[in-house]
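# A structural walkthrough
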Amino acid sequence: ATLDGSAWNGRVDYELKDTIDIDCGPTKSCGNLPATITSAIADTYTLIYKGGGPPGAFLKTITPNARQTLTSGGSITYTLEFETGGTIQVNATLNRSPWPPTPPPQAATYTLTGPSPQNGTRLPQTFSSVSAGSYTLDFTSGGPSGATLNAILPSPTQTLIKGGLITFTFDFIQ
């Protein structure tokens, strides 16, 4: 496994499937990486990521491919490529005061476009372990009853850095 392009060793939950499955215990869930499975029969194998990995990171891809064919006497290698994620917080205000004023979160729909697109369904809402890059927030519907969206603060487009935090605020007026 790698984290941001550098070798990483640790616990990852995954399943290695073929026509009969590789048995890694009662749950067929394997653990620490790197791992070597010996005496496998020639077949096509698919690695299924189930969770785990470096804290604060997400699985970006499996290379060269999650599905590979093992030939008789051969070997295959899977690399789980993790990336440090960032956090995006989406809040709202009504007449410059936090909205909703108390939990629970309230319904709203909006989209975040960028490297890890997100669909929002409530305010406030936090999106964790998302890819770094430029994000644009677009409001669809919802928010305080009878209010109008005045602006998206500080800007509808912001740049998230690895491990960073950006906050968007829907500024409603009534």
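See the structure printed just above.
Before going into details, it helps to say that this report is about the structure given with it. Since the structure is predicted, the reported quantities are computational estimates derived from the model, not experimental observations.

On to the pairing of strand 16 (residues 157-160), then. Because side chains alternate across strand 16, one face comprises the buried residues Gln-158 and Leu-160, and the other comprises Thr-157 and Thr-159, none of which is buried. Note: strand 14 (residues 133-142) against strand 16, four bridges, orientation antiparallel. Among the inter-strand pairings, Tyr-135 is bridged to a residue of strand 16, identified as Gln-158.

Mapped onto the elements of the fold, Ser-6 is located in strand 2 (residues 6-7). For the pair Ser-6 and Glu-81, spaced 75 residues apart in the sequence, the C-alpha separation amounts to 9.2 Å.

The next point concerns the environment of Ser-131. Tracing the backbone through its elements, the reader meets Ser-131 in the loop between strand 13 (125-130) and strand 14. Of the residues examined, Ser-131 reaches a relative accessible area of 11% and is grouped as buried. Once the C-alpha coordinates of Ser-131 and Thr-87 are considered, the two residues, 44 residues apart in sequence, prove to be 8.8 Å apart. Residue contacts for Ser-131: discarding those within four places in its chain leaves Phe-58, Glu-83, Pro-115, Ser-116 and Leu-160.

What counts as what
Residues numbered from 1 in each chain as written. Predicted model: local features only at pLDDT ≥ 70, side-chain atom pairs only at ≥ 80, totals over all residues. Heavy atoms only, no water. Buried < 20%, exposed > 50% of the residue type's maximum accessible area, 1.4 Å probe, protein only. Helix = DSSP H or I, 4+ residues; strand = E, 2+ residues; numbered from the N terminus. Pairing = 2+ DSSP bridges. Contact = heavy atoms within 4.5 Å.

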